[in-house]
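# Residue-level structural notes
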Amino acid sequence: MYEGYFWRQDQLRQFWAAMTAATIQPHSKKRIKPTDLYKPLARAKRSGPVLSEAERRRRFDEIVKKIGPDVIPVRSSSEP
């Protein structure tokens, strides 16, 4: 859920960086790219550690325990 929220925020910030760069460009002698104004989170995350399948499953089970299995109908790793 958090990843989706951050993804949407990142997309919005990339959009506004592109619009701002296009607005500033005619007033500047130097070329201004959107990536000069905002570095996308996806590129920053790629350089980080990659989670193993077991670690992803452990985090998923932990979240399901916190919010409860009745909120979102999911199977835990212990169910068949």
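Small disclaimer: the values here were computed from a predicted structure and weren't measured.

## Quick notes on the overall build of the chain
Assigned secondary structure in the chain consists of 4 helices and 0 strands. Reading the helices (α) and strands (β) of the chain from amino to carboxyl end gives α-α-α-α. For the chain, the proportion of its 80 residues judged to be buried stands at 10%. A total accessible area of about 7,400 Å² is found for the chain, and carbon and sulfur atoms account for 60% of it.

## Considering a nonpolar patch on the surface
Among the surface-exposed residues, Tyr2, Tyr5, Phe6 and Leu41 lie close enough to one another that they form a single nonpolar patch of about 450 Å² accessible area. Per-element accounting of the nonpolar patch gives the leading share, 3 residues, to helix H1 (residues 2-24). Along the chain, the position of Leu41 falls in helix H3 (residues 41-46).

## Comments concerning H1
For H1, which comprises 23 residues, the first-to-last C-alpha distance of 32 Å matches the rise-based estimate of 33 Å (1.5 Å per residue) to within 8%. Along H1, the residues that are buried comprise Asp10, Ala17 and Ala21.

## A short note on the packing of aromatic side chains
This structure, assessed with the given rule, holds 2 aromatic pairs. Between Tyr5 and Phe6 the ring centres are 5.6 Å apart and the planes differ by 65 degrees, which places this aromatic pair in the edge-to-face class. Judged by centre distance (5.2 Å) and plane angle (75 degrees), the rings of Phe15 and Trp16 are edge-to-face. The class for Phe15 is partly exposed, based on a relative accessible area of 41%.

## What about the pattern of salt bridges?
Tallying each qualifying case throughout the model produces 4 salt bridges. Among the salt bridges present, the one from Glu55 reaches Arg58, with a minimum N-O distance of 2.6 Å. With Glu55 and Arg58 both in helix H4 (residues 53-67) and 3 residues apart, this pair spans about one turn of that helix. On the accessibility criterion, Glu55 (23% relative accessible area) is partly exposed. Of the charged contacts in the structure, one is a salt bridge between Arg58 and Glu62, with a shortest N-O distance of 3.0 Å. Pair noted here: Arg58 and Glu62 are both in helix H4, with a separation of 4 residues, about one helical turn. On the accessibility criterion, Glu62 (35% relative accessible area) is partly exposed. Linked through salt bridges whose partners overlap, the residues forming this network are Glu55, Arg58, Arg59 and Glu62.

## Regarding H4
With 15 residues, H4 should cover 21 Å at 1.5 Å per step; its first-to-last C-alpha distance of 21 Å lies within 8% of that length. Looking at the residues trailing H4, positive phi occurs at Gly68, about 95 degrees.

Thresholds applied
- Residues numbered from 1 in each chain as written.
- Predicted model: local features only at pLDDT ≥ 70, side-chain atom pairs only at ≥ 80, totals over all residues.
- Heavy atoms only, no water.
- Helix = DSSP H or I, 4+ residues; strand = E, 2+ residues; numbered from the N terminus.
- Buried < 20%, exposed > 50% of the residue type's maximum accessible area, 1.4 Å probe, protein only.
- Areas by Shrake-Rupley, 256 points an atom, 1.4 Å probe, with all protein chains shown as cover.
- Patch = residues over 30% accessible without salt bridge, like charges linked within 9 Å, V, L, I, M, F, W, Y side chains within 5 Å.
- Salt bridge = Lys/Arg side-chain N within 4 Å of Asp/Glu carboxyl O.
- Expected span 1.5 Å × (residues − 1).
- Phe/Tyr/Trp six-rings, centres within 6.5 Å; stacked < 30°, edge-to-face > 60°.

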